[in-house]
Each structure stands twice: as structure tokens, then as C-alpha cells.
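Residue strings, one per chain:
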Amino acid sequence: MEADFAPGTLDEQLADQLSTFLEEAEPVLFSPGTVPDPFSDSSDMHVRVGIMTDGTWVWQLAWADYVKYHRVAPPRDFLDHIRSLSFTAPELTIERTLEIAEAEGIPLPE
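Residues numbered from 1 in each chain as written. Predicted model: local features only at pLDDT ≥ 70, side-chain atom pairs only at ≥ 80, totals over all residues. Heavy atoms only, no water.

Enquirer: Just checking my understanding: could you explain the packing of helix α1 (residues 12-24) against helix α2 (residues 62-70) for this structure?
Expert: Angle between the axes and distance between the axes: these two values describe a pair of packed helices. Two numbers describe how α1 lies on α2: the axes approach to 8 Å, and their chain directions differ by 165 degrees. Taken together, the axes of α1 and α2 lie roughly antiparallel to each other. Pair α1 / α2 crosses with left-handed handedness. Side by side, α1 and α2 meet where Ala 15, Leu 18, Ser 19, Leu 22 and Glu 23 of the first sit next to Trp 63, Ala 64, Val 67 and Lys 68 of the second. Residue classes in the contact of α1 with α2 are distributed as six nonpolar, one polar and two charged. (Axes fitted to C-alpha atoms, helices over the stretch in contact; angles between N-to-C directions. Helix = DSSP H or I, 4+ residues; strand = E, 2+ residues; numbered from the N terminus. Parallel < 35°, antiparallel > 145°, perpendicular 65-115°, else oblique. Left-handed = near helix turned anticlockwise from the far one by under 90°. Contact = heavy atoms within 4.5 Å. Nonpolar A, V, L, I, M, F, W, Y, C, P; charged D, E, K, R; others polar.)

Now the structure itself:
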């Protein structure tokens, strides 16, 4: 998900609903590590690493942190999509999740 985004562009209630959706969707890939937060001046602030999906869109788990801590808005089309789902990510089958991983070029263990 790419966007021209800026901190502080979401109201708090929307940011809470959106960050919950972004982190409770289906994980495609998780990493135990973190990376520096590009929106923070503090070297102590980090975001989580992973790839999530709702079966239609695929995004970096870090987006949940950007939304929660900095109220960064995702692309309008994505936000409209999430609203159409009433901020509830659908449950996906393992097969569908693996299809998405393959389509995204994510290496899977054998």
C-alpha cells in the first residue's frame, strides 16, 4: 500500500478503529523483529514487521502502528474498503492466505 500520507490526518476514534482492523486482519508473514519508526525522532521508537491481508488488500503490519501512534491516513480507496467491511476483517482460509502470499512473492517454508 503506497500513499502520500502525513501524521495527524485521522481523528482519534477513526484511528483506533482502523489500527485495530489493520492488526487483527489475517497475517501472511510475521517477523519477531522491529524496525525504526520513520515518523518518530526517537531512536527508541520502533514499528512491527509483518504482512497482513483482508483477502483483498495487502499491507505492512507497521501501518497499524503508523495509524495508532501517529494518526497517519492510508489511501482513501483503502479506507473506503475498510468502512465497507464495518472495520471487521473477514476470516480467510489457509489456502486463500497462501494464494495471497504466493501472489505477493512472499517466500514460504517448504
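That was the structure; now back to the text.
Enquirer: Is there a simple way to explain the pairing of strand β2 (residues 46-53) in this structure?
Expert: One face of the sheet, then the other: side chains in a regular strand alternate in exactly this way. In this sheet, β2 lies alongside strand β1 (residues 26-36) in antiparallel orientation, the contact comprising seven bridges. For Leu 29, the partnering residue across the bridge sits in β2 and is Ile 51. When β2 meets strand β3 (residues 58-60), the two strands line up antiparallel, connected through three bridges. Residue pairing in the sheet places Met 52 in a bridge with Trp 59 of β3. Between the end of β2 and the start of β3, which pair antiparallel, lie four residues, with Gly 55 showing a positive phi angle near 95 degrees. (Pairing = 2+ DSSP bridges.)

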